[in-house]
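# What the coordinates show
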Amino acid sequence: MENRLAKFNELVPSTLPFVEGKLEGHKERKNYSIVGPGVAEDSKQFIKIAMPHSFNLGAVSALPQNGSGLHSHTTAEVFVIYSGRWRFYWGAEGKDETILNAGDIISMPTNMFRAFENAGDEEGLIFVVLGGDDPGIITWVPSVLEKAKKTGMALLNDNSLIDLSVNQIPDGKTILEPISQEEIKKFDNYKLDQLEKFIYKSNENSKHENKLNENVNLIQILGNKFEKKEFSPVINQDTGFNLSILKSSKGHITNLKFEKPTIMFSRTGKWEIMIDDFQCVLNAKDTISIPINSKVNIKIDENEECYLNCVTQI
């Protein structure tokens, strides 16, 4: 069970996780692989919980005006804002954008270019849930690869990351060529009013809360199931996983049993989690992976409303 517990302050981040990691606006950030490898191009990225769950959980922290370059994924990518103010922008030229704050969630459709930037005035943190055990590779807009190459960073044709200022291209490998303008046209684009159906704003909690018991409410973000109960989700999108939020200040839930791979990670508060005979406390930013069909009890005793995220394979 200790191998299933990820204390955030014990995680080891990558400071050069992607090809654009030396560029201004991208270099002042850290990348964490919490559950699964994610899509980091850093072959030395530390992975805390390596066992397959059919989804991945990562995190990104960044200083102001730093974030990711425009890229696309082949599987679901759901951003859960932990702290700070973040600008998300999308499309091959990044012309459309929205600002999200702590507690907000955005589920980006596949086959579209997206990026994010810390738009606040201090370091911020976001968690990222990715679909699949292998979320696949990243497709970058050509300008990102071209600018990155000037700093010495490049991707090889097997999508491995290389620093050309330090290493030579291995025999039998070549530098990955940027995609063509014709290939770019195959990617989807969305206007803000179209993408808003994939966004959850935490200031609208009261519209979406379901009562689990007298002291614990649930907000169903993605998928229609929490444990064995069904709920209508805020975001109707097939990501391959359920994302639920438990809200409580003083409350408990007993005898939960999850029949598929499940993790929980705290946004706020200290959550006491009992899994069979194993007990732990999830502080803010901590994660626990729950074995299938274990007996789970959850307890919270705080002076203000706190939030616990739960992700379960569909």
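Residues numbered from 1 in each chain as written. Predicted model: local features only at pLDDT ≥ 70, side-chain atom pairs only at ≥ 80, totals over all residues. Heavy atoms only, no water.

### Comments concerning the overall build of the protein
Under the convention used in this document: Where helices and strands are cited, they refer to DSSP runs of H or I of at least four residues and of E of at least two residues respectively, numbered from the N terminus. As a reference, a globule follows 2.2 Å times the number of residues to the power 0.38, and the radius of gyration itself is taken over C-alpha atoms. Only protein chains enter the accessibility calculation, which uses a 1.4 Å probe; a residue is then buried when its area is under 20% of its type maximum, exposed when over 50%, and partly exposed in between. The contact rule is simple, with two residues in contact once any of their heavy atoms fall within 4.5 Å. The method behind every accessible area is Shrake-Rupley, applied with a 1.4 Å probe, and residues are considered shielded solely by the protein chains displayed.
Counting its secondary structure elements, the protein contains four helices and 25 strands. Relative to the compact-globule value of 20 Å for 314 residues, the protein shows a C-alpha radius of gyration of 20 Å, a close match. Reported as C-alpha extents along the three principal axes, the dimensions of the protein are approximately 60 × 40 × 35 Å. Within the protein, the proportion of its 314 residues that are buried is 54%. For the protein, long-range pairs separated by at least 24 residues make up 70% of all intrachain contacts whose partners lie at least 6 apart in sequence. With an accessible surface of roughly 14,300 Å², the protein has 45% of that area assigned to carbon and sulfur atoms.

### Here we look at the environment of N242
The cut-off we apply is this: In the analysis that follows, any N or O atom pair within 3.5 Å is treated as a polar contact, provided that within protein one partner can donate a hydrogen and the other can accept it, and provided that, for residues neighboring in sequence, both atoms belong to side chains.
Relative to the helices and strands, N242 is located in strand β20 (residues 241-256). For N242, a relative accessible area of 4% corresponds to the buried category. For the pair formed by N242 and L195, sequence separation is 47 residues and the distance between their alpha carbons is 20 Å. Separated by 3.2 Å, the side chain of N242 and the backbone nitrogen of K225 make a polar contact.

### Considering the pairing of strand β11 (residues 124-131)
Quick note on the threshold: A pair of strands is treated as paired once DSSP finds two or more bridges between them.
Judged by how many residues are buried, β11 sits mostly within the fold: eight of eight residues are covered. In this sheet, β11 lies alongside strand β6 (residues 77-83) in antiparallel orientation, the contact comprising six bridges. Looking at β11, one finds that I81 is bridged to I126.

### Quick word on unusual backbone geometry
For N111, which is not a glycine, the phi torsion comes out positive at approximately 60°. Looking at the element boundaries, N111 is found in the loop between β9 (105-108) and β10 (114-118).

### A word on the sheet that holds strand β4 (residues 55-62)
The strands making up a sheet associate through hydrogen bonds between their backbones, and the pairing can be parallel or antiparallel. Here we have seven strands laid out as an open sheet, ordered β3-β2-β4-β11-β6-β9-β15, and mixed in their pairing. Both edges of this open sheet fall to β3 (47-49) and β15 (199-200), since each of them pairs with a single strand only. Here eight bridges tie β4 to β11, and the two strands are oriented antiparallel to one another. Each bridged residue has a counterpart across the sheet, and for F55 the counterpart in β11 is G131.

### Some thoughts on the pairing of strand β8 (residues 96-101)
Residue alternation in β8 divides its side chains into a buried set, D96, T98 and L100, and an unburied set, E97, I99 and N101. For strand β7 (residues 85-90) and β8, the ladder comprises six bridges, and the chain directions are antiparallel. In the sheet register, R85 faces β8, and the bridge partner there is N101. Here β7 folds back onto β8 in antiparallel fashion, the turn holding five residues, of which G91 has a positive phi close to 95°.

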